[in-house]
Amino acid sequence: METESEPYVRLATLRQLHQVVTDLNTARSLADTLQTVADGVIAGLGYELACVNLVRPDGDLVVAAFAGNAAAEALITGRVGSRASWERRLTMGEGWGDLRFIPHTEGWVLLEDDVPQWYTEGPEPRFEDEWHPQDRLYAPMYASGGGRELLGVISVDKPRNGRRPGAWGREALQMYASQSAIAISNARLRANMQRALVRLEREQQALRASEESFRQAFEYAPSGMAIAEMGGDQHGRLLRTNDALCRLLGRPAAVMRRYSFADLVHPEDIGLLLRTSAEGGRAELRLGRRDGSYVWVSLRNSVVADTADGPRFLLTHVEDIEERKRHELQLAHRASHDSLTGLPNSAELRARLSARLCQRPYAVGASAVEALDAAYGEAHDGRGETPGHAVCAPGGFDFDPVPGGGPFDHHVHMVAPEGDVDDGTKGLAVLFCDLDGFKSINDRFGHNTGDAVLIEVARRLTTGVRDGDTVARLGGDEFVVLADGLGAADAADLAVRLRNAIIPPIRVDGRAVRVGASFGISWASCGMSVEEVLRSADQRMYIEKRSRAKVHRRAG
C-alpha cells in the first residue's frame, strides 16, 4: 500500500495525540511537564522541532523547553523574549483559530526582534502549501476560564510531510495546545502546593521546636512563670504554672489551676493587679502563700495575641523580691521613724498631718440644703452669695472639684471645736507633750539612762492611745500625739490619762527615776498649715506648763 487513506491518518494521529496527552498528566514536576509538551509535539503531531515559551511573572516569555535539535536547544533554552515582541507576533500573519501562522513573506521583519529563534535551511517551496524554512507557526496556550490569560506559546517547525498543516493538523495542534495549558496549570498548582506543604512542614517543625524551647524555658525557669486566660467567664484563671512559682507560693500545680492571681493577691493590691493585667505591664505586689503569709513579687505581663481573635493569654513572669522589699521597707522606716524609740519622726509626723489638711478653710454652719446644693455645684455661703470655695456638709465632706481630684472629691475637712467647751464637735486633736524633769535625769545619770527613759515614755504613750492614733517623737524630750474623732472633753481626758501613764517611776539599771509631762492641746483645721498647728499646740503646752508651775509654787 503506497498511500494511506485520510481516515486512517486521522485515527493514527488521534491515538498518538491521546498518548502524548496522557503523558502530559503523568509528569511529576513543572519542568517535566514543559519538556513533555515539547516532546509530544515531535512524537504526536508530526513536527521535527518544537519549543515551549512560558510566561514569567514579569510578563516576558522564556524558552522553557525544546525538542528535536540538541544544538538549537543548547542555543536558546533559558533565553527571554519581551512580551511586546510576542504580542506583535501573535497579531501578524494568518489566524488559524487560536493558531497564528506567519509566512516567510511576512516573517522577514521579525529577524531582528528579541524573541529567541532558530534558523533552518531548506530549498525554496516548489508548490503553494509547501513549508518554507522561514515559515512560523505559533500555538498560544491560554488558562482555562473566560479571561484568556496567556500561559505560554508553543512554536513548531519543519513538518515531516514538508507541507503546511491542513484543517485536521491545525485542529490537532490547537487541541494539543489547549491540553498543554491545562497540564501546565495543574503542574503549577501541584508545584505551589508542594512548596506550600514544604513551607508548612518547615513552619510546623519550627513551631514544634519553638514550643519545646518555650516549654523548657517555662518549666525550668529559676523564677516563677504562669499562663492565665484572658476574656470569657474564666478570665484570669491560671492555666499553667511552673515549679518555681509553685515552690514560691507553697502550692502544687494542680491546686494553682483552681485560682487566679486575683484570688491570691493581697486585698490592698487588687486594684493594682487589675490595672496591670489589663495593660499588660508590670507591678510589684503581694501574693498569698499556702501558710497564710504574703510574699512580695514583681509581676511582668505579656499579652499573647491571636491575629484573628485578639488577646488570648497572659504570660506572667513572677520574681521573688521579698528581700529587696524588706530592705526598702527598712530603709523607708529608718527615714520616717526615730532610731531610738521607733516612733514616727518629725518628718513623718508632718507628712501625716499635712495629708489631713487642705488649703481651704472649713465653712461652718452649712445647712443640709446648702450641702446638697454644693454637691451639684451650686453652693452658697448662707448670705445669698456664691463663695469662691465650696460649702461643706456638716459631716465635713467637700464635694467641690479640686485640682487632681474627681468631680466629687470626698476630702474630709478638719474642723476644730470652738473654745474649751465641748460643743459636740469632733476633730483631729494634736497633743504636744514635753517631759518635765528630764534634763536633770540626763545630767545626773547620763545619756544612757536618758535614752532608756525616752524609750519607756514612748512605750507608755503608744500603749495609752488607740490603734489608729499617731504617737511621734518631735525631737529631744518632745512628743506629739494625733488623735482623730475627739471632742474637747475627750482630748482633755486623753491628756490626763497619758500624763498619769508617764508619772509612775521608771526603773533603769536598778534605780527608779521619775519624769512628769506637760500637754498642750490644739486642733488641726483645714486652712491651717502644719507649722501653725504644731506651733499652736506648743504654745498651749507652755501655757499649761507655766500654770502648773504657779500652782506648785502656791501650794509650797
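A brief report on the enclosed structure follows. No experiment lies behind these values; they were computed from the predicted model shown. (Residues numbered from 1 in each chain as written. Predicted model: local features only at pLDDT ≥ 70, side-chain atom pairs only at ≥ 80, totals over all residues. Heavy atoms only, no water.)

Here the focus is the pattern of salt bridges. Following the criterion strictly, the structure yields 32 salt bridges and no others. Here Glu130 and Arg126 are joined by a salt bridge, their closest N and O atoms 3.9 Å apart. Of the residues examined, Glu130 reaches a relative accessible area of 10% and is grouped as buried. Notably, a salt bridge pairs Arg324 with Glu328, separated by 2.6 Å at the nearest N-O pair. Linking Arg324 with Glu328, this pair stays in helix α11 (residues 322-336), spanning four residues, or about one helical turn. A single network of salt bridges, built from pairs that share partners, joins Glu284, Arg324, Lys325 and Glu328. (Salt bridge = Lys/Arg side-chain N within 4 Å of Asp/Glu carboxyl O. Buried < 20%, exposed > 50% of the residue type's maximum accessible area, 1.4 Å probe, protein only. Helix = DSSP H or I, 4+ residues; strand = E, 2+ residues; numbered from the N terminus.)

What follows is about the packing of helix α15 (residues 447-463) against helix α16 (residues 488-502). Close contact between α15 and α16 brings their axes to 9 Å; oriented N to C, the two are set at 145°. Judged by the twist between their axes, the crossing of α15 over α16 is right-handed. Residues Val457, Arg460 and Leu461 of α15 form the contact with α16, whose participating residues are Leu498, Ala501 and Ile502. Looking at the contact of α15 with α16, its residues break down into five nonpolar, no polar and one charged. (Axes fitted to C-alpha atoms, helices over the stretch in contact; angles between N-to-C directions. Left-handed = near helix turned anticlockwise from the far one by under 90°. Contact = heavy atoms within 4.5 Å. Nonpolar A, V, L, I, M, F, W, Y, C, P; charged D, E, K, R; others polar.)

Here we come to empty space enclosed by the protein. Counted by the stated rule, this structure contains two cavities of 30 Å³ or more. Put simply, the largest cavity is a space of about 230 Å³. Only β1 (47-55), α4 (83-89), β6 (136-142) and β7 (150-159) provide two or more residues apiece to the lining of the largest cavity. Each residue belonging to the lining of the largest cavity can be placed in one class, and the counts come to 11 nonpolar, five polar and four charged. Lining of the second largest cavity is provided by Arg28, Ser29, Leu30, Ala187, Arg190, Ala191 and Gln194. (1 Å grid on protein atoms, 1.4 Å probe; cavity = no way out; pocket = protein on both sides within 12 Å on 5 of 7 lines; lining within 4 Å. Points joined across faces, edges and corners; volume = space filled by probe spheres on them.)

With that settled, the discussion passes to the packing of aromatic side chains. The final tally for this structure, using the stated rule, is five aromatic pairs. Seen from their ring centres, Phe101 and Trp131 are 5.9 Å apart, and the 55° between their planes marks the pair as tilted. On the criterion of sequence distance, the pair formed by Phe101 in strand β5 (residues 99-102) and Trp131 in the loop between α5 (104-107) and β6 is long-range, its members being 30 residues apart. The exposure class assigned to Phe101 is buried, which follows from its relative accessible area of 0%. Through pairs of rings, three or more aromatic residues link up here, namely Trp96, Phe101 and Trp131. Over the ring of Tyr142 we find Arg148; its NZ or CZ atom is 4.0 Å from the centre of that ring. The aromatic ring of Trp296 is capped on one face by Lys325, whose charged end is 4.6 Å from the ring centroid. (Phe/Tyr/Trp six-rings, centres within 6.5 Å; stacked < 30°, edge-to-face > 60°. Lys NZ or Arg CZ within 6 Å of the ring centre and 35° of its normal.)

One finds Val41, Leu45, Leu137, Ile154, Leu173 and Tyr176 to be the most contacted residues of the largest nonpolar core, which totals 35 residues. Contributions of two or more residues to this core are made by α1 (6-24), α2 (30-45), β1, β2 (61-67), β5, β6, β7 and α6 (167-219). Among the elements that line this core, the one with the most residues is α6, at seven residues. Setting aside its immediate chain neighbours within four residues, Leu45 contacts Leu17, Gly40, Ala172, Leu173 and Tyr176. Core analysis: the second largest hydrophobic core is formed by 31 residues, Cys433, Phe438, Val471 and Ala495 among them. (Core = buried A, V, L, I, M, F, W, Y, C linked by side-chain atoms within 4.5 Å.)

This brings us to the sheet that holds strand β15 (residues 427-436). If you walk across this open sheet you meet the four strands as β16-β17-β15-β20, and the pairing is antiparallel. Among the strands making up the open sheet, the edge pair consists of β16 (470-475) and β20 (516-524). Neighbour-to-neighbour, the strand axes of the sheet open up by a mean angle of 25°, direction not taken into account. Relative to strand β17 (residues 478-486), β15 runs antiparallel, the two being bridged by seven bridges. Bridging across to β17, Phe432 finds its partner in Val480. Where α15 meets the sheet, its contacts fall on β15, β16, β17 and β20, and the angle it forms with β17 comes to roughly 5°. (Pairing = 2+ DSSP bridges.)

For the rest of this paragraph, the subject is the environment of Ala537. Of note, Ala537 is situated in helix α17 (residues 530-555). For the pair Ala537 and Val430, spaced 107 residues apart in the sequence, the C-alpha separation amounts to 6.6 Å. Not counting residues up to four positions away in its chain, the partners in contact with Ala537 are Val430, Phe432, Gly520 and Ser522.

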